[in-house]
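Observations on chain architecture
So the chains spell out like this:
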Amino acid sequence: MTLAPAPARSLRIGPLEIDVPVVLAPMAGITNTAFRRLCREYGAGLYVSEMITSRALVERNEVTMRLIQHHESETPRSIQLFGVDPKTIAEAVRIIVAEDHADHIDLNFGCPVPKVTRKGGGAALPWKSTLFNDIVTQAVKAAGDVPLTVKMRKGIDKNHLTFLDAGRAAEDAGAAAIALHARTASEYYSGHADWNAIGELKEAITSIPVLGNGDIWSADDAVRMMAETGCDGVVVGRGCLGRPWLFGELAAAFDPTATPKDGPLVDATLAFVGAAFRRHAELLVEFFEDEDRGCRDIRKHAAWYFKGYPVGGDLRAQLARVSSLAEIDDLVGQLGDAPYPGSAAEGQRGRAGTPKRTALPDGWLDSREIGADASDMLRGAEVENNGG
């Protein structure tokens, strides 16, 4: 693992000064309190919650109210909201602010999942320009002094790009920063992110930070993205799956004068990775307040942690079936301490998928304005997506 030198720099989002220009992307079922705490133990930056449905928060859904909680060690606290109705999103923002649940709020306009886009949400929503503007404007007003940011994609597909129009609208509405995942919704996570689009957005947006997202697999990638696009910071998603120490490498890359928590370079031997896996499980058990549930949750992370390492098939299978911390301790003790395997452990993580036609409401692309039928559909979408 090599780290490219970069000038020391921080990131300002409204009144918040983030010590390094790095943001953990919200990932459903991943970026809960346990994972955010683990990443923070290795590095620095802004760590965002998994996506929270605005109506579920307004209705005080029990699971949702648990998901918006932060550990006392987390600062600044960050929550991402999803929604399609301006009034509901604004009310959710007011609750977060009035009850002091977060120091930063992000709005999700980038989710490409069919069950979200089919109802006009996520990456589909910026196509409806007036609706997008209403949501951001009302949310910013409700947020008051709490900085509110926007995360989006390039558009629905190559023929329906929205990122420049939406970026300017968000800037005019008072957003504190804009993050762009440089793929369209139809690309999902396939192929290569179009970093040129990040540069285009940076040129168009002059008063607030622009953050780049897509294909950040290493600290070198992050430094290179900022150099090539001129963006003000990076958003890291799949690249940290099974590699929470990536945030330590990023901190070292962006501030070489600082003293990283685990040294300027991480020697990710197999023993080191095993200890990280065990620590993650421990934090999940604490988060769920249930050892069995916490250990069931860590199972999905096993393949990511041990990608490229010489771990036999039987041992891998056992790591993916753990049910107690004691069992994890026993299995980790069998791993040995093989050296870092290099490129075999690097590169893409998580499912990339293939390009696909984005699921959209009937007639969604006919106009950039919202009709009466679409308004009724969106209200229904808020109810259907009433989960964490």
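Since this is a predicted model, take the numbers as computed values, not measurements.

Right, let's get into helix α15 (residues 325-333). Those residues of α15 lying buried are Leu-325, Ile-328, Leu-331 and Val-332. Summarising the axial view, the buried residues of α15 lie within an arc of 120 degrees, below the 170-degree limit, and thus occupy one face. Turned more than 90 degrees away from the buried face of α15, the exposed residues are Ala-326 and Gly-333.

This part covers helix α6 (residues 129-143). For α6, built from 15 residues, the straight-helix expectation of 21 Å at 1.5 Å per residue is met to within 8% by its first-to-last C-alpha distance of 21 Å. Of the positions making up α6, those classed as buried are Leu-131, Phe-132, Ile-135, Val-136, Ala-139, Val-140, Ala-142 and Ala-143. Buried residues of α6, seen end-on, are gathered within an arc of 165 degrees and therefore sit on one face of the element. At the exit of α6 stands Gly-144, carrying a positive phi of roughly 60 degrees.

As a further point, take the pattern of salt bridges. In this structure the tally under the stated criterion is 23 salt bridges. The shortest N-O distance in the salt bridge between Asp-215 and Arg-183 comes to 2.7 Å. On the criterion of sequence distance, the pair formed by Asp-215 in the loop between β10 (210-213) and α9 (219-229) and Arg-183 in the loop between β9 (178-181) and α8 (195-204) is long-range, its members being 32 residues apart. Here Glu-228 ties to Arg-224 by a salt bridge, and the two come within 3.5 Å at their closest N and O atoms. A residue pair is termed a helical-turn pair when its members lie 3 or 4 positions apart in one helix, as Glu-228 and Arg-224 do in helix α9 at four residues. The exposure class assigned to Glu-228 is exposed, which follows from its relative accessible area of 52%. The exposure class of Arg-224 is partly exposed, given its relative accessible area of 38%. When salt bridges with common partners are traced through the structure, they connect Glu-41, Arg-278, Arg-279, Glu-282 and Asp-329 into a single cluster.

Here helix α4 (residues 86-98) crosses α6 at 20 degrees, and the two axes come no closer than 8 Å. Here α6 runs roughly parallel to α4, going by the angle between their axes. As for the relative orientation of α4 and α6, their crossing is right-handed in sense. Side by side, α4 and α6 meet where Pro-86, Lys-87, Ile-89, Ala-90, Val-93, Arg-94 and Val-97 of the first sit next to Leu-131, Asp-134, Ile-135, Gln-138, Ala-139, Ala-142 and Ala-143 of the second. The class makeup of the residues in the contact of α4 with α6 is 10 nonpolar, one polar and three charged.

Let's shift gears to the packing of aromatic side chains. The description of two aromatic rings rests on the distance between their centres and on the angle between their planes. Considering all chains together, one arrives at 12 aromatic pairs under this definition. With a centroid separation of 5.2 Å and an interplanar angle of 85 degrees, the aromatic rings of Tyr-188 and Tyr-189 are classed as edge-to-face. The class for Tyr-189 is partly exposed, based on a relative accessible area of 25%. Taken together, Tyr-42, Trp-245, Phe-272, Phe-277, Tyr-305 and Phe-306 form an aromatic cluster joined through their ring pairs. For Lys-128, the ring lying beneath its charged end belongs to Trp-364, and the centroid distance is 4.8 Å. The side chain of Arg-368 reaches across the aromatic face of Trp-127, ending 4.7 Å from its centre.

A separate point is the sheet that holds strand β5 (residues 52-53). Read from one edge to the other, the open sheet built from nine strands follows the order β4-β3-β11-β10-β9-β8-β7-β6-β5, with strand pairing classed as parallel. Each edge of the open sheet carries a strand with a single partner, namely β4 (46-47) and β5. In this structure, strand β3 (residues 22-24) lies alongside strand β11 (residues 233-236), joined through three bridges in parallel fashion. From the neighbouring strand, Leu-24 faces β11, where its bridge partner is Val-236. This element, α8, spans β8 (148-153), β9 and β10 of the sheet and lies at about 175 degrees to β10.

Reading the values: rules and limits
Residues numbered from 1 in each chain as written. Predicted model: local features only at pLDDT ≥ 70, side-chain atom pairs only at ≥ 80, totals over all residues. Heavy atoms only, no water. Buried < 20%, exposed > 50% of the residue type's maximum accessible area, 1.4 Å probe, protein only. Helix = DSSP H or I, 4+ residues; strand = E, 2+ residues; numbered from the N terminus. Arc of directions from axis to C-beta. Expected span 1.5 Å × (residues − 1). Salt bridge = Lys/Arg side-chain N within 4 Å of Asp/Glu carboxyl O. Axes fitted to C-alpha atoms, helices over the stretch in contact; angles between N-to-C directions. Parallel < 35°, antiparallel > 145°, perpendicular 65-115°, else oblique. Left-handed = near helix turned anticlockwise from the far one by under 90°. Contact = heavy atoms within 4.5 Å. Nonpolar A, V, L, I, M, F, W, Y, C, P; charged D, E, K, R; others polar. Phe/Tyr/Trp six-rings, centres within 6.5 Å; stacked < 30°, edge-to-face > 60°. Lys NZ or Arg CZ within 6 Å of the ring centre and 35° of its normal. Pairing = 2+ DSSP bridges.

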